[in-house]
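Coordinate analysis (summary)
Given next are the chains, with one letter for each unit.
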Amino acid sequence: MQSVNRIDPAMPVGAYQTYEIRAPRDVRLKSACEQAGCAAWRHGWESVIDESTPLGRDQAAYIRGQSGRTFREQRTEAGLTVFRFESGQRCFAEHGTRPEIYLVRDGDWRGNPTGRQRQHTRPADWVDDFGEHQQSIADQQQKG
């Protein structure tokens, strides 16, 4: 494994703050279409069903009677049924995402001298915190 090349820090470890995003290994959570970035949810989709088969009849019956989704139905010249679903509704796939942990801790790669660490519950809060920290550094540099 290649060693990491780091510039020697100009300040003590306590003068730094580390912003980190972690994703736990082997953890997958069920998620909604919108969270998963589902193309069917975003753009809508079509399901083409062959109702001449038992499976096709069962699928069509589920879509019509139990799916709870809004659709338009039409038949093709080949006798297939096309269900057209509008965007913004849950598709039929099971989506999963990996959770992310948004951390801020004192120190840098050398350690955390205070042991202080906090976890943001929303990504937007972590981004805001990071931006405010960067701005405070810029302000301090400008003052000299």
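This report concerns the structure included in the present document. Just so we're clear, the structure is a prediction, and the values are computed from it rather than from any experiment.

On inspection of all chains with the given rule, the structure shows 10 aromatic pairs. Here the aromatic rings of Phe71 and Phe85 are separated by 5.9 Å at their centres, their planes lie at 55°, and the arrangement is tilted. Taken together, the residues span a long stretch of sequence, with Phe71 in strand E4 (residues 71-75) and Phe85 in strand E5 (residues 81-85) at a distance of 14 residues. Classification of Phe71 by relative accessible area gives partly exposed; the value is 24%. Every member of this aromatic cluster is reached through a ring pair, and the members are Trp45, Tyr62, Phe71, Phe83, Phe85 and Phe92.

Okay, the sheet that holds strand E3 (residues 45-49) next. Here three strands make up an open sheet; going across it, the order is E3-E5-E4 and the pairing antiparallel. Two strands in the sheet have a free side with no partner beyond their single neighbour: E3 and E4. Strand-to-strand, the axes of this sheet are offset by a mean angle of 20°, without reference to chain direction. Of the pairings in the sheet, the one linking E3 to E5 comprises five bridges and is antiparallel in character. Paired with Ile49 across the strands is Thr81, a residue of E5. In this fold helix H3 (residues 54-65) packs onto E3, E4 and E5, with an angle of close to 35° to the strand it touches most, E5.

What follows is about the layout of surface pockets. Of the voids in this model, the largest pocket is the one considered here, and its volume is about 260 Å³. Met11, Ala15, Tyr16, Gln17, Tyr19, Phe130, His133, Gln134, Ser136, Ile137, Gln140 and Gln141 are the residues that line the largest pocket. Listing elements by their share of the lining of the largest pocket, those giving two or more residues are strand E1 (17-22) and helix H4 (123-143). Per-element accounting of the lining of the largest pocket gives the leading share, seven residues, to H4. For the lining of the largest pocket, a count of residues per class yields six nonpolar, six polar and no charged.

Time to look at the pattern of salt bridges. Counted by the stated rule, this structure contains 11 salt bridges. Here Arg90 ties to Glu94 by a salt bridge, and the two come within 3.3 Å at their closest N and O atoms. Residues participating in the shared-partner salt-bridge network are Glu51, Arg64, Glu73 and Arg75.

The rules behind the values
- Residues numbered from 1 in each chain as written.
- Predicted model: local features only at pLDDT ≥ 70, side-chain atom pairs only at ≥ 80, totals over all residues.
- Heavy atoms only, no water.
- Phe/Tyr/Trp six-rings, centres within 6.5 Å; stacked < 30°, edge-to-face > 60°.
- Helix = DSSP H or I, 4+ residues; strand = E, 2+ residues; numbered from the N terminus.
- Buried < 20%, exposed > 50% of the residue type's maximum accessible area, 1.4 Å probe, protein only.
- Pairing = 2+ DSSP bridges.
- Axes fitted to C-alpha atoms, helices over the stretch in contact; angles between N-to-C directions.
- Contact = heavy atoms within 4.5 Å.
- 1 Å grid on protein atoms, 1.4 Å probe; cavity = no way out; pocket = protein on both sides within 12 Å on 5 of 7 lines; lining within 4 Å.
- Points joined across faces, edges and corners; volume = space filled by probe spheres on them.
- Nonpolar A, V, L, I, M, F, W, Y, C, P; charged D, E, K, R; others polar.
- Salt bridge = Lys/Arg side-chain N within 4 Å of Asp/Glu carboxyl O.

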